[in-house]
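Letter by letter, the chains look like this.
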Amino acid sequence: MAEDKGLLTIGEVANGKLAPIAAELLGIGRKLADARGDKLDMLLLGANLAEAAKQAIAYGADRVYVAENPALAEYNPDSYAAAATKVAKQLSPSILLMGQTDMGRDLAPRLAAKLGGAVSMDCTELAIEPDTKLLLATRPVFGGNANGVMRVKARPQMATIRAKSMAALEPNASRQGEVIKVDAGVDASAVKVKVTKKVKQEALGIKLEDAEFVVTGGRGMGGAEAFKSLEELARVLGGAVGATRAACDDGWVASTIQVGQTGKIVSPKLYIAVGVSGAMQHIAGCSGSKNIVAINKDPEANIFKVAHFGVVGDYKEALPAFIQKCKELLAT
Amino acid sequence: MNIVVCAKQVPNPEIPMGKFKIDAQALKVIPPEGIAPVISPFDEQAIEVALRIKEKNPGSKITALTVGAGSAGDILKHALSMGADEGIFLSDPAFEGSDAFGTAYILSKAIQKLGNVDLILCGRQAADWDVGQVGTLLAEDLGIPLITIARKVEVLNGKLSVERALIDGYEVLEAPMPSLVTVSNEVGLPRLPTGMGIIMAARKKVAVWKAQDMGIDVAKVGKNAARSEMVKLYIPVREAKCEMFQADTVAEATVKMAVRLREAKVI
Ligand SMILES: Cc1cc2nc3c(=O)[nH]c(=O)nc-3n(C[C@H](O)[C@H](O)[C@H](O)COP(=O)(O)OP(=O)(O)OC[C@H]3O[C@@H](n4cnc5c(N)ncnc54)[C@H](O)[C@@H]3O)c2cc1C
């Protein structure tokens, strides 16, 4: 084996800016690189990456590899896999990290296969084992009922990190780093899958992931109509509405507001769960909330085991009075 | 069309928190007593997708595969009762402890043995270890195109048209066949087996293929071939203490809670 060095992160860019997950990757990456005596590298793929590359350095990167190519402007699984494989083979890092995002979920296992490594998906903690300098990746398993700590034997040792589980550093605009252009030419024959359309379905108003207040309804709401009162509460608090998978699967709300392991990860100041049983796969998406309020008619519901404030009762009785009181309190 | 669905048996993922037990020493999850294991929900949805495609393409054949030991093959009967045509249980002591790479390799050998496959469907991730990689690694092993996390799968003019669920919407992708697609819950609820389906499934024989039946190199499977190892398994401590509000009516209780939230400067 060549020298077992190098820590590469693959960042993401949204509207020309470094995406929050990329800053989080650099936050944890910095710690791991320092513990190993490695440089911290970030690869950015796409078009118009100059601004994001600068930000990456401010957030902790030593070197930013920029693979600019109009063909990479939008994510295509095959062209991204080909381009990232090419760069990663040249750099041959010992550790390779990505975000557990639309891109990371899709790309990381492909890269693991193409590079001969192995990846631990959706990690909530990463550390360097002191004796071996190997990556130890902690990931929730069984929907979050347990955590497993993985050690990868193959190279690169790969992991994807769960959004909001690791903190970004304060950006420092005077930090020094290198921006290096790399060839990201993709052989057209490698591209078998075509993306023909992309449809955005973002809810209006405050973005769920960024909201300070999240009001989530579960199957206990009984139907789409009942979500109106959750929308009202969200409006009163200045927040956004979320849902459990059950409520999404029943077609009451758009699946893009699903909170949980396979939905969005939120960490608001206040998370209000109404008619939500508190399955671990759901809690995975909101356990980072500062405060959790639960309203559920079943006193035995799991949600009361993770909530900080709770009322046992039917939401039909609970919500109107709660909304009214919140309005009053916030007006004073 | 020849459609293969890869599925896995898992402990029921919806059990109450308190019923979930592990053996931290052995790094194993203890199956909950008295609660039967199930087919992993996303895999069940993959079967549903296969059945919908078959309905539009009469004459198609659906083969369900699973890798496992002991009663793990029972889910093949479930697949048959939903309407799959054939089930094959890939089982050999050598497979025990395989990681996602090993499992994908076993499945690839079974699919090569079947031959002539047009579409392979997998769940996006299994509801036990949540690894979410077997589908991808299988496509890589077979060298065929891959689309992950589908919310809709259709065959149009001999090509696949797939909607891939994104966190803020979806995208439409087109792929030639054969391809592999991993399926997400947004495709909709799987159908329940019919009484007739259950009777038919009971009559069908499930074939068992061992390593040598598929020409498997046993050095590439099992615990020793795994590229990652688990070094620790634990149940995280959750120390939240819930402050409960009570009053004569539910409405009054929530009013007390709102006041408390304001006092605590939460709202
Ligand atoms: C691999 C996998 C991934 C998953 N990912 C996710 C995910 O990302 N997000 C997610 O949410 N789920 C996910 N799930 C599903 C999860 O396991 C649960 O099934 C789901 O979260 C349950 O949703 P719920 O709480 O709305 O419904 P239920 O469990 O049916 O709970 C409804 C609750 O409402 C209460 N209730 C009923 N009527 C009233 C009333 N009138 N007033 C007050 N309370 C009432 C009931 O007491 C009950 O507690 C996943 C599952 C698997 C297997």
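Summary of the structure given here. What you are looking at is a predicted structure, and each value in this text was computed from that prediction instead of being measured. (Residues numbered from 1 in each chain as written. Chains lettered and ligands numbered in written order. Predicted model: local features only at pLDDT ≥ 70, side-chain atom pairs only at ≥ 80, totals over all residues. Heavy atoms only, no water.)

**Quick notes on the packing of aromatic side chains**
Two aromatic rings, taken as a pair, are described by how far apart their centres are and by the angle between their planes. Under the counting rule described, the total for this entry stands at four aromatic pairs over all chains. The interplanar angle of 80° and the centroid separation of 4.8 Å between the aromatic rings of A:Phe142 and B:Trp129 together place this pair among those described as edge-to-face. Of the two residues, A:Phe142 is situated in the loop between strand 9 (135-141) and strand 10 (146-152) and B:Trp129 in the loop between strand 8 (119-123) and helix 4 (134-142); the pairing between them involves two chains. Here A:Phe142 falls in the buried class, since its relative accessible area comes to 7%. On the basis of relative accessibility, which here comes to 23%, the residue B:Trp129 falls in the partly exposed class. The ring centre of B:Phe42 lies 5.7 Å from the NZ or CZ of B:Arg124, which sits over that ring. (Phe/Tyr/Trp six-rings, centres within 6.5 Å; stacked < 30°, edge-to-face > 60°. Helix = DSSP H or I, 4+ residues; strand = E, 2+ residues; numbered from the N terminus. Buried < 20%, exposed > 50% of the residue type's maximum accessible area, 1.4 Å probe, protein only. Lys NZ or Arg CZ within 6 Å of the ring centre and 35° of its normal.)

**Quick word on the site of the ligand**
The ligand sits among 29 residues. The nearest are A:Arg219, A:Thr244, A:Ser277, A:Asn296 and B:Glu14. Nearby residues around the ligand are contributed by chains A and B. Note that an oxygen atom of the ligand is positioned 2.9 Å from one of the side-chain N or O atoms of A:His282. If the ligand stood free it would expose 990 Å²; the protein chains cover 90% of that surface. Mapped onto the shell around the ligand, the elements with two or more residues apiece are helix 6 (245-249) and helix 7 (280-283) of chain A together with helix 1 (41-56) of chain B. Taken together, the residues of the shell around the ligand sort by class into nine nonpolar, 14 polar and six charged. (Near = heavy atom within 4 Å. Polar contact = N/O pair within 3.5 Å; in protein donor to acceptor, adjacent residues only side chain to side chain. Areas by Shrake-Rupley, 256 points an atom, 1.4 Å probe, with all protein chains shown as cover. Nonpolar A, V, L, I, M, F, W, Y, C, P; charged D, E, K, R; others polar.)

**Side note on the sheet that holds strand 7 (residues 118-123) of chain A**
Residues and elements named next belong to chain A. Pairing is parallel across the open sheet formed by seven strands, whose spatial order is 7-11-6-1-4-5-12. A strand with exactly one partner marks an edge of an open sheet, and here the two such strands are strand 7 and strand 12 (178-181). The average undirected angle you get between the axes of adjacent strands in this sheet is 20°. With three bridges connecting them, strand 1 (residues 7-10) and strand 6 (residues 95-99) associate as parallel partners. (Pairing = 2+ DSSP bridges. Axes fitted to C-alpha atoms, helices over the stretch in contact; angles between N-to-C directions.)

**Points about the layout of surface pockets**
Considered as a void within the structure, the second largest pocket measures approximately 1600 Å³ in volume. In this structure, the second largest pocket is lined by 48 residues; those nearest its centre are A:Glu12, A:Val13, A:Ala14, A:Ala19 and A:Asp102. Looking at the lining of the second largest pocket, the elements that each hand over two or more residues are strand 2 (13-14), strand 3 (17-18), helix 1 (20-36), strand 4 (40-46), helix 4 (102-115) and strand 13 (194-200) of chain A together with strand 10 (159-166) and strand 11 (169-175) of chain B. Considered class by class, the residues forming the lining of the second largest pocket number 19 nonpolar, ten polar and 19 charged. Counting contributing residues, the lining of the second largest pocket receives three or more from each of domain 1 (7-190) and domain 2 (208-331) of chain A. (1 Å grid on protein atoms, 1.4 Å probe; cavity = no way out; pocket = protein on both sides within 12 Å on 5 of 7 lines; lining within 4 Å. Points joined across faces, edges and corners; volume = space filled by probe spheres on them. Domains from an automatic or database assignment.)

**Some thoughts on empty space enclosed by the protein**
Considering all chains together, one arrives at two cavities of 30 Å³ or more under this definition. The volume enclosed by the largest cavity comes to roughly 190 Å³. The wall of the largest cavity is formed by 17 residues, among which A:Thr262, B:Ala165, B:Leu166, B:Ile167 and B:Glu186 lie closest to the centre. Listed by contribution, the elements that provide at least two residues to the lining of the largest cavity are helix 4 of chain A together with strand 9 (146-156) and strand 10 of chain B. The class makeup of the residues in the lining of the largest cavity is four nonpolar, six polar and seven charged. What the second largest cavity holds in volume is close to 80 Å³. Surrounding the second largest cavity, 13 residues form its lining, A:Phe142, B:Pro11, B:Asn12, B:Ile15 and B:Phe20 being those nearest its centre.

**A short note on the packing of helix 5 (residues 227-237) of chain A against helix 9 (residues 315-331) of chain A**
Residue and element names in this part refer to chain A. Following both chains from N to C, one finds helix 5 and helix 9 inclined at 15°, their axes separated by 10 Å at the closest point. The pairing of helix 5 with helix 9 is recorded here as roughly parallel in orientation. For helix 5 against helix 9, the interelement crossing comes out left-handed. Where helix 5 abuts helix 9, its residues Ser229, Leu230, Glu232, Leu233, Val236 and Leu237 lie against Leu319, Phe322, Ile323, Cys326, Lys327 and Leu330. Within the contact of helix 5 with helix 9, the residues separate by chemical class into nine nonpolar, one polar and two charged. (Parallel < 35°, antiparallel > 145°, perpendicular 65-115°, else oblique. Left-handed = near helix turned anticlockwise from the far one by under 90°. Contact = heavy atoms within 4.5 Å.)

**Digging into the pairing of strand 10 of chain B**
Residue and element names in this part refer to chain B. Most of strand 10 is tucked away: seven of the eight residues are buried. Looking at chain direction, strand 9 and strand 10 are connected through six bridges and run antiparallel. The partner of Lys152 across the bridge, within strand 10, is Glu163. Two successive antiparallel strands, strand 9 and strand 10, enclose a turn made up of two residues, where Asn157 displays a positive phi of approximately 50°. Counting the residues that bridge the hairpin from strand 10 to strand 11 gives two residues.

**Overview of the interface of chain A and chain B**
Each partner contributes residues to the interface: chain A has 86 residues there, and chain B has 75 residues. When the two sides are added together, the surface that chain A and chain B hide from each other amounts to roughly 7200 Å², 59% of it contributed by carbon and sulfur. Salt-bridge contacts for B:Glu229 lead to A:Arg151; the nearest nitrogen and oxygen are separated by 2.8 Å. Along the contact surface separating chain A from chain B lie 37 residue pairs in polar contact (both at pLDDT 80 or more). For the side of chain A that touches chain B, the per-class residue count stands at 37 nonpolar, 24 polar and 25 charged. Judged from the two bridges that link them, strand 18 (residues 309-312) of chain A and strand 15 (residues 243-244) of chain B form a sheet pairing that is parallel. (Buried area = accessible area lost by both parts, 1.4 Å probe. Salt bridge = Lys/Arg side-chain N within 4 Å of Asp/Glu carboxyl O.)

**A look at the pattern of salt bridges**
Across all of its chains, the model carries 38 salt bridges over all chains by this definition. In this structure, A:Arg30 engages A:Asp34 in a salt bridge whose closest nitrogen and oxygen atoms are separated by 2.8 Å. Of the two residues, A:Arg30 and A:Asp34 are both situated in helix 1; the distance of four residues between them amounts to about one turn of the helix. A salt bridge links B:Glu55 to B:Arg191; the nearest nitrogen and oxygen atoms lie 2.7 Å apart. Linking B:Glu55 in helix 1 with B:Arg191 in the loop between strand 12 (179-183) and helix 5 (195-203), this pair joins segments that are 136 residues apart in sequence. Classification of B:Glu55 as exposed rests on a relative accessible area of 53%. Here the residues in one salt-bridge network are A:Lys200, A:Glu202, A:Lys207, A:Lys264 and B:Asp168, joined through shared partners.

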